[in-house]
Every structure is written in C-alpha cells, then in structure tokens.
Amino acid sequence: MPSNAGQSSKDDKNAAPPLPAPLQVPVADSHTHLDMQSGPVEEGLAKAASVGVTTVVQVGCDIKGSRWAAETAAAYENVHATVALHPNEAPRIVHGDPDGWSRQGARRPGNQGAAQGASVEGGGARRAGDAALDEALAEIDRLAALPQVKGVGETGLDYFRTGPGGKAAQERSFRAHIEIAKRHGKALVIHDRDAHADVLRVLKEEGAPERTVFHCYSGDAEMAGICAREGYFMSFAGNVTFKNAQSLRDALAVAPLELVLVETDAPFLTPVPYRGRPNAPYLIPVTVRAMAAVRGIDEDALATALGANTARAFAY
C-alpha cells in the first residue's frame, strides 16, 4: 500500500549503508564528528578499521565538542583530536542564539560561562558577548596544548549560515585560532563556506601556520592552484562524488597529490550512491575510489599518498 511504501523509503534513508570492499592500503579519515554519529565509538572505529580506515581525526566545533574530542583522542590510540569554535559558533556566543540551533540550546548574548553575569542592556550585551568569546577562546587555547590534540579547527569563515551581522565575530575568532595554532605548533583546520576570498585574505594577513588544511575543500581549480602555491592541504569529502560537483573534481584533478587528503565530515556528506543516508568513517573507501578515478591512478597508490599526507598534515 502507498503508506507502507512511503515508510519503507523513509526507513531506507535512515539506514546505515553497507560496508564497502576494504582498501588494501590503510588510510585516515582526516575530518569526522564521532560525537554526532549513532552507536558507540568502539563500534564505529571497528567498522572503519575493518575496511582499511585505521585512523580518524575527531573534530571539535564548540567547547563541549572540543573537550569531548580531546578526551576521546586520549582514550583511543587511533583517534586524534582538533579543537575549535566553529565559524558559526562565534557569532552565537557574541550575539546570542535565541532559536537554540547550536547544541547548547537557546542563548542570550554572552551566555558563556562567567560572562553570563554581565549586563545585557545597552552596550552590555556586546561587552558580555565579547567577553564570552574571549573566555571560549581561552579554553580552546588550553585544549590545544594537549598532546593528543593535533590541530586547531574547524575554524574559518561561513557566509552561508551567518549573515553580515556576524562577520566581525567570525573573523575575530578565525584570527585568534590562527594565532593559537601557530603558537602551539598545531595544524590549522579551515571551514570555508561561501567565503573563499576572505579566508585567503585573512590567512595572508595573519600568516598561515606551517600546516594548514582546507577541510571539505569547496573551491575550484583556480583556487586549488593558490592553495598549491601556499602549500595548503586540500581535504576532499563525499560531495566530490555528487553529480553537480564537477568543479570539485576539476580541483581534485589539478591539486598536487602530496597535498590531497580524504575525509567524511560524517555524519554529513555521504558519498554517492548513499547520498542522504548517515555517513561514517567506514565509508571512506567509497570516496577514495571515486577520487582515484578522477585522478586516473590506482586506488592503492592514492591510498598510500593519502595515509602519508594525513600523518604529515597532523604530525602523528
């Protein structure tokens, strides 16, 4: 009956994709969010390892997630952490989050730790917000010093979800993360959405860390040339398999092999043919094989490069 067919379709969308054929050469998932995926961490890591994904980089997006990333990396030898305030988190701290879209729920301006006590009347709201951002950045700085934390990110600029009113907070946070990464000698992991020119500008003005990774690379072939000249790593996710992503495939085709990484950004960006279903590190082989086809090289050769590149990018 129509109702049952509709339910079946919905269930299929929520179902985990099957295990792909294992890679013969182990690789790393350079960017994932285990804390946003279903099931125990041990189970997710075991499924990934069973198909040749032996290492994952767990990425923090806020204070809670960054602490979790650091704790998880300390508990599992094959997990490395990065810590940061996501570009969309900074404006929420400064200006508030009345809709509660972020994981902390609804927040007033400056609703972050000790800064909650500041007045939110008149200019007090802005002062409270700025103080709260400073407090949050200080915690990221503390976490970045931990040995299991291999990177600072994801940070950067996102003009898709944050409007003009949040740009100043984003850029201030981005500049602070660059300084933290350089001072601790950690990789910088960049989230760049609809903000290519400004991200490149800020990196040039501040001076990029020695190891800089464009997570879920979203630029075109021309931008890939800029990243190549600067020595920035470009990490490709499952969206490189999407039908409408020819510009990403063009960028992948010209990116120097020694600067190419692979990631899931799970639970998001599940590769074709499983687009729309939950993503997880064990699906990396699907993306690796698609990338090998774009590059016109053997999957083992690509996997060898990806494994070495990720270890170099995050110094593990």
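Residues numbered from 1 in each chain as written. Predicted model: local features only at pLDDT ≥ 70, side-chain atom pairs only at ≥ 80, totals over all residues. Heavy atoms only, no water.

(A) Molecular detail of helix H7 (residues 196-206). Taken as a whole, H7 has its buried residues at Val 199, Leu 200, Val 202 and Leu 203. Down the axis of H7, the buried set is contained in an arc of 160°. They therefore lie on one face. Turned more than 90 degrees away from the buried face of H7, the exposed residues are Ala 197 and Lys 204. At its buried positions, H7 is contacted by strand S4 (149-158), helix H6 (167-184), strand S5 (187-193), strand S6 (212-214) and helix H8 (221-230). (Buried < 20%, exposed > 50% of the residue type's maximum accessible area, 1.4 Å probe, protein only. Helix = DSSP H or I, 4+ residues; strand = E, 2+ residues; numbered from the N terminus. Arc of directions from axis to C-beta. Contact = heavy atoms within 4.5 Å.)

(B) Geometry of the packing of aromatic side chains. Enumeration over the complete set of coordinates arrives at two aromatic pairs. Between Phe 214 and Tyr 232, the aromatic rings sit 5.7 Å apart at their centres with planes inclined by 35°, giving tilted as the arrangement. Here Tyr 232 lies in the loop between H8 and strand S7 (233-236) and Phe 214 lies in strand S6, a separation of 18 residues in the sequence. Tyr 232 matches Phe 214 in its accessibility class, with the two residues each being buried. With a centroid separation of 5.4 Å and an interplanar angle of 50°, the aromatic rings of Tyr 217 and Phe 236 are classed as tilted. Of this pair, Tyr 217 sits in the loop between S6 and H8 while Phe 236 is found in strand S7, placing the two residues 19 residues apart along the sequence. Among the residues examined, Phe 236 registers a relative accessible area of 0% and is labelled buried. (Phe/Tyr/Trp six-rings, centres within 6.5 Å; stacked < 30°, edge-to-face > 60°.)

(C) Here's a closer look at the layout of surface pockets. Size it by volume and the largest pocket reaches roughly 940 Å³. Along the wall of the largest pocket there are 33 residues; nearest its centre are His 86, Asp 158, His 191, Arg 193 and Asp 265. Those elements that place two or more of their residues in the lining of the largest pocket are helix H4 (89-95), S4, S5 and helix H9 (246-254). Considering each element in turn, the lining of the largest pocket owes the most residues, three residues, to S5. The space that makes up the second largest pocket amounts to roughly 300 Å³. What lines the second largest pocket is a set of 17 residues, among which Gln 37, Ser 38, Lys 47, Ala 280 and Tyr 282 lie closest to the centre. For the lining of the second largest pocket, the residue count by class is ten nonpolar, five polar and two charged. (1 Å grid on protein atoms, 1.4 Å probe; cavity = no way out; pocket = protein on both sides within 12 Å on 5 of 7 lines; lining within 4 Å. Points joined across faces, edges and corners; volume = space filled by probe spheres on them. Nonpolar A, V, L, I, M, F, W, Y, C, P; charged D, E, K, R; others polar.)

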